[in-house]
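Chain residues, written in single-letter form:
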Amino acid sequence: MLGSLLSSALVIVGLLSANSSALTQRLIVVGGGAAGIFGAISACEHAAATGSKLSATVFESGNPLSKVLISGGGRCNVMHDERKSPRELSENYPRGSRELLGPLTSHFGAAEAAAWFRARGVKLKTEGDGRMFPTTDDSSTIANCLLEAAAKAGVEIVSRTKVVRVESAGEGGGFQVEVAPRSGGRLSGDQETKFSAECVLLSPGSSREVWDWCASMGHAIADPCPSLFTLTVAEASGGGWLSGLAGISVPEATLSLFEPPAPPAQGGAAPGPTSEEGPDEPPEAPPPAKRKGKKKKKKSKSKPLVVKSGPLLVTHSGLSGPAALRVSAFGARHLNSAGYRAALEVNWAGEVALLEAAALEELTRCAKKRPDLASKAVATFCPLLRAESGGGGGPVSGPVGGPVSGPVGGEEGSSSAALVPRRLWAALVGGAAGLPSERRWGQLTGGELERLARALTRCRLQVVGKGAFKDEFVTCGGGRLKDVDL
C-alpha cells in the first residue's frame, strides 16, 4: 500500500505545481482505492497549504477502498517496517527499485506514511517479519481513516459510477472526462455526466481500458500481467508425491525459479530414474571418447531467474505462503512469458541454510556412524533437527549454525524438533528421492544418500500454472516508471 500512497502524492503535487492558478482548479480521480483517495487528499491538503483553490472528485465504479478491506487477510498490511532504510525498502519492490529509491528517500517513505496515519489517530504495530498493521487488526481502521481524512479535506467520493472516457482537451490544456452511473450510483436523470478538469489522476488498478486511454495520449504502456499468486505444481495433483500434503508448512524454505525444461526429444519420452538417480534429474550420458586437441568447456548449470526465501505452505494444487508469493511477484514477467511453465527448486531446509553438500555429509553420518539408526526405516522420521533444537540431549554435528542430528530417542515420536514435518519427510524419501518404503538407514547406498540430500535441498518441481491468492489480485505493468518524473 505504501507504493500506492507514494505515487499518488508525487503525481498530484507535480500536477498542481504545473497548473497553479488563482482560479479554482478541478481534479478528477479515476479509481477509489487507496492510491486514488490518498492522492485526492494530498492534492487538497497541498492546495490548502499553498493558498490554491481545488475541487477534487473521486469516481469509483464499485465501492471505495474495497481492496483495502480485504488486504492482509482483513487486517490491512499498511506498509513495511518504518525503521528500515529507503534502500532496504526499495529493494523489496519487484520492479522499479532504482526509480523508487529517490522518492522513498526525499518525499514519502515508510516513516512518513506511519507518521501520517498516527497523526490521524491510527495506532500501528510492527510484526516479526517487518509488516505493519493497525493495532486493531482490522482493515476498516485504515479505510475509515482515509475516508475521514477525505471528508475533512473536502474530497467528494462518488461510488458505483464508472469513468468511460478520458481524453486531452487539446491545445488549451486539461482533460475531458465522461462518466456513467451503475445501478445504485449517485448520478441519475439529468445530472451531469461530462466534466472538464485541469488535472486527472488515473488509479484504477489494472484496467486495460485505462491503459488504452494513456496510450492514445502518447504514454508508453508496459503490458500488465498477474504479479501475486500461488504456484500450481505438477507433483501436487494426479497422484503426485505432494498429493495429500495440503496444509503442511515449513517455517523457512528457499525457492529458486528456472526456465522451463526443454521438452523430450520427438519419438520417445525422457528416460526415467535408475537405482542411483532420483526422479528429479535424468541419468547422466556416458562420457565421450577422449580426443586429442583443445578441451571443450564444461557446460555451466543454468542460473536461477529468481531466488526467494520465507515460510512455505503446501496446498491442494501446489505451493503458497510468503516464499511462493515472493517468487510469483519477482518472477511475474518470466512466468507470464513462459505460459506459467517453469522449473522450481525447493530447499526445504532453508531455516538453517543447509546446502546439498552439507546435507549429504550429515545424512551420511546418520547412515554410517549412527548404530542407533541402522535398523530404523528412513521414511519414519527426519533425524536432522531444527536450529533451536540443536541441544537435543546429545552430541551435535554439522555446519556451524546449521542442522544437527541427535539421538533417536524422542525424535522418532516428535516432529516439532525435526527439520521438516514427518509426513513431508516421508514424501521426500519415497517420492522425491524415490527410495523404497522399507529402506533402512543402515542399507543406504552412496547414490541413495545423494538423492536424499538432493530431495531435501534441491527438490525439483514443475510449475504448470498459477492460482489466486485469496481475494487479492495484484498486477505488474501499466505506465512505465522511467517515463514518470519522480
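Everything below is about the structure shown above.
On a predicted model such as this, the values are computed, not experimentally measured, just so you know.

## Description of the pattern of salt bridges
- Within this structure, the stated rule accounts for 20 salt bridges.
- Here Arg-75 and Asp-137 are joined by a salt bridge, their closest N and O atoms 3.0 Å apart. With Arg-75 in the loop between α3 (66-70) and β3 (79-80) and Asp-137 in the loop between β5 (131-134) and α7 (140-153), the pair connects residues that are 62 residues apart, well separated along the chain.
- Overall, Asp-137 belongs to the partly exposed group, its relative accessible area being 31%.
- One salt bridge in this structure joins Arg-458 and Glu-345, with 3.2 Å as the shortest N-O distance. Residue Arg-458 is found in the loop between α13 (446-457) and β19 (459-466), and its partner Glu-345 is found in strand β16 (residues 342-347); the two are separated by 113 residues along the sequence.
- What you see here is one network of salt bridges that share partners, running through Arg-75, Lys-125, Glu-127, Asp-129, Arg-131 and Asp-137.

## Overview of the sheet that holds strand β7 (residues 161-168)
- Here three strands make up an open sheet; going across it, the order is β7-β8-β9 and the pairing antiparallel. Here the strands that pair on one side only, and so sit at the sheet edges, are β7 and β9 (194-197). Each neighbouring strand pair of the sheet contributes to a mean axis angle of 25 degrees, computed without reference to strand direction.
- Bridge analysis of strand β8 (residues 175-181) against β9 gives four bridges, and the strand direction is antiparallel. Looking at β9, one finds that Gln-176 is bridged to Ser-196.

## Quick look at the sheet that holds strand β6 (residues 156-158)
- On the basis of which strands lie adjacent, the open sheet formed by four strands has the order β6-β2-β1-β10 and parallel pairing. Edge positions in the sheet fall to β6 and β10 (199-202), since each of these pairs with one other strand and no more. With direction set aside, neighbouring strand axes in the sheet form an average angle of 20 degrees.
- Two elements, strand β1 (residues 25-30) and β10, share four bridges in a ladder whose sense is parallel. Across the sheet, Val-30 pairs through a bridge with Leu-202, a residue of β10.
- Running at roughly 175 degrees to strand β2 (residues 54-59), helix α2 (residues 34-50) makes contact with β1, β2, β6 and β10 of the sheet.

## Points about the packing of α2 against α7
- Between α2 and α7, the least distance of the axes is 9 Å, while the angle of their chain directions is 35 degrees. Pair α2 / α7 crosses with left-handed handedness. Residue-level inspection shows Ile-37, Phe-38, Ile-41 and Cys-44 of α2 in contact with α7, the latter providing Leu-146, Leu-147, Ala-149, Ala-150 and Ala-153.
- Of the residues assigned to the contact of α2 with α7, the class counts are nine nonpolar, no polar and no charged.

What counts and how
Residues numbered from 1 in each chain as written. Predicted model: local features only at pLDDT ≥ 70, side-chain atom pairs only at ≥ 80, totals over all residues. Heavy atoms only, no water. Salt bridge = Lys/Arg side-chain N within 4 Å of Asp/Glu carboxyl O. Helix = DSSP H or I, 4+ residues; strand = E, 2+ residues; numbered from the N terminus. Buried < 20%, exposed > 50% of the residue type's maximum accessible area, 1.4 Å probe, protein only. Pairing = 2+ DSSP bridges. Axes fitted to C-alpha atoms, helices over the stretch in contact; angles between N-to-C directions. Contact = heavy atoms within 4.5 Å. Left-handed = near helix turned anticlockwise from the far one by under 90°. Nonpolar A, V, L, I, M, F, W, Y, C, P; charged D, E, K, R; others polar.

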